[in-house]
Every structure is written in C-alpha cells, then in structure tokens.
Amino acid sequence: MEKYILGPNNENIKTTFEGWIQWEKDNPDRKIISRNRIFVNEEEILISTVFLGLDHAFGHYGPILFETMIFKGEHDGWQDRYETYREAIEGHNKVFQQIINNEEF
C-alpha cells in the first residue's frame, strides 16, 4: 500500500513507510481536514473528513487518500473518499449541506 504525506500546500507527496510514520507523529492536527458536529432532530451527528495517508485505491486508480464519514443519525457509517485535499473539502461541505437541508444522498 502506497504511503503519502501532505505537503506545505496540501499536495499529496509519496513517501516511505518511515517517512509516513514520522509525518504522522509530527503532524497529528493535519490529519483532520474538517469536522462538524450538528444536531438533527435533537440527535448529535458528526461529519468528519480526514487525511488517511494510505492509498485506498489499491493501485486501481488514484491515489485515494481522504475520507469523509458520518457518525450517528440516519446516515451513520456513510462514507466517501477522495484523491485531493480540494476534493475532500468540497465533499465534506456538500455532505454537511445535504444533512442541514435534509437532502437525499
């Protein structure tokens, strides 16, 4: 599985296993791209987008390095994955708006 770190401009940079481990230790706050806690029908829902650093495309295309996931509520466990930081931000914001507006996924 290919390993990546986020560069200074949020670009994906391929690295070694050791480089990825060191980056993880040195940058714990950079792994969280965006996080929202909202209440829908009095239930708290968490929308979280993170940098995985491990290519989840498994060599088919990609790399797929970011993931948005919903915890609790009607869409508990829903997830989507992205190749770039920009796609991850856009995907997170879209999911947030869909939940706020009670739209279908």
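In this text the structure is predicted, and so the values were computed from the model without any measurement.

Let us now look at the nonpolar core. Residues Tyr-4, Ile-5, Leu-6, Trp-23, Ile-33, Phe-51, Leu-65, Phe-66, Tyr-82 and Ala-88 constitute the largest nonpolar core, which totals 10 residues. With 3 residues, strand S1 (residues 3–6) is the single largest residue contributor to this core. Apart from residues lying up to four places away in sequence, Ile-5 is in contact with Glu-11, Asn-12, Ile-13, Thr-15, Gly-19, Trp-20, Trp-23 and Phe-51. Grouped together as the second largest cluster of nonpolar side chains are 6 residues, Ile-45, Ile-47, Ile-70 and Ile-99 included.

For the structure shown, the criterion picks out 5 salt bridges. Between Glu-24 and Lys-31 there is a salt bridge, with its nearest N and O atoms 2.8 Å apart. Glu-44 is the partner of Arg-37 in a salt bridge, and the nearest nitrogen-oxygen pair spans 3.8 Å. You can call Arg-37 exposed: its relative accessible area is 53%.

A sheet is described by the order of its strands in space; here 4 strands give the open sequence S3-S4-S5-S6, paired in antiparallel fashion. Of all strands in the sheet, those with a lone pairing partner are strand S3 (32–40) and strand S6 (79–82), marking the two edges. Neighbouring strand axes in the sheet, compared pairwise and without regard to direction, differ in orientation by 10° on average. Of the pairings in the sheet, the one linking strand S4 (residues 43–51) to strand S5 (residues 66–71) comprises 6 bridges and is antiparallel in character. Within S5, the position partnered with Val-50 by the bridge is Glu-67. Together, S3, S4, S5 and S6 form the strand contacts of helix H2 (residues 85–100), whose direction differs from that of S3 by roughly 0°.

On the secondary structure map, Ile-99 appears in helix H2. Judged by its relative accessible area of 9%, Ile-99 is buried. C-alpha separation for the pair Ile-99 and Asp-29, spaced 70 residues apart in sequence, amounts to 25 Å. If we skip the residues at most four places from it in the chain, Ile-99 touches Ile-38, Val-40, Ile-45, Ile-47, Ile-70 and Phe-105.

We now examine helix H1 (residues 17–26). Taken residue by residue, H1 has Trp-20, Trp-23 and Glu-24 as its buried positions. In a view along the axis of H1, the buried residues occupy a sector of 100°, so they form one face of it. Pointing more than 90 degrees away from the buried face of H1 are the exposed residues Glu-18, Lys-25 and Asp-26. Where the residues of H1 are buried, they touch S1, strand S2 (12–15) and S4.

Let us look at unusual backbone geometry. The phi torsion at Asn-10 lies on the positive side, around 65°, for a residue other than glycine. Note that Asn-10 resides in the loop between S1 and S2. Taking the relative accessible area as the measure of exposure, Asn-10 reaches 24% and is therefore partly exposed. Positioned with a positive phi, Glu-42 is a non-glycine residue whose angle comes to about 65°. Tracing the chain through its elements places Glu-42 in the loop between S3 and S4. Residue Glu-42 is classed as exposed on the basis of its relative accessible area, which comes to 80%.

Definitions and cut-offs
One numbering rule holds for all chains: residues counted from 1, following each sequence as written. Restriction of local features to residues with pLDDT of at least 70 applies here, the model being predicted, together with a cutoff of 80 or more for giving and counting side-chain atom pairs; totals for whole chains, interfaces and linings are based on all residues. Hydrogens are left out, water is left out, and the side-chain values use all remaining heavy atoms of the structure. Among the buried residues, those of types Ala, Val, Leu, Ile, Met, Phe, Trp, Tyr and Cys that are joined through side-chain atoms within 4.5 Å form a nonpolar core. Throughout this description, buried means an accessible area under 20% of the type-specific maximum (1.4 Å probe, protein chains only), exposed means over 50%, and partly exposed covers the range between. A run of H or I in DSSP becomes a helix once it reaches four residues, and a run of E becomes a strand once it reaches two; helices and strands are each numbered from the N terminus. Should any heavy atoms of two residues lie within 4.5 Å, those residues are counted as being in contact. What makes a salt bridge here is a side-chain nitrogen of Lys or Arg within 4 Å of a carboxyl oxygen of Asp or Glu, nothing more. Any two strands with at least two DSSP-identified bridges between them are counted as paired. Angles here are taken between N-to-C directions and fall from 0 to 180 degrees, while the axes themselves are lines fitted to C-alpha atoms, restricted in helices to the stretch in contact. In this description, the arc belongs to the directions extending from the helix axis to the C-beta atoms.

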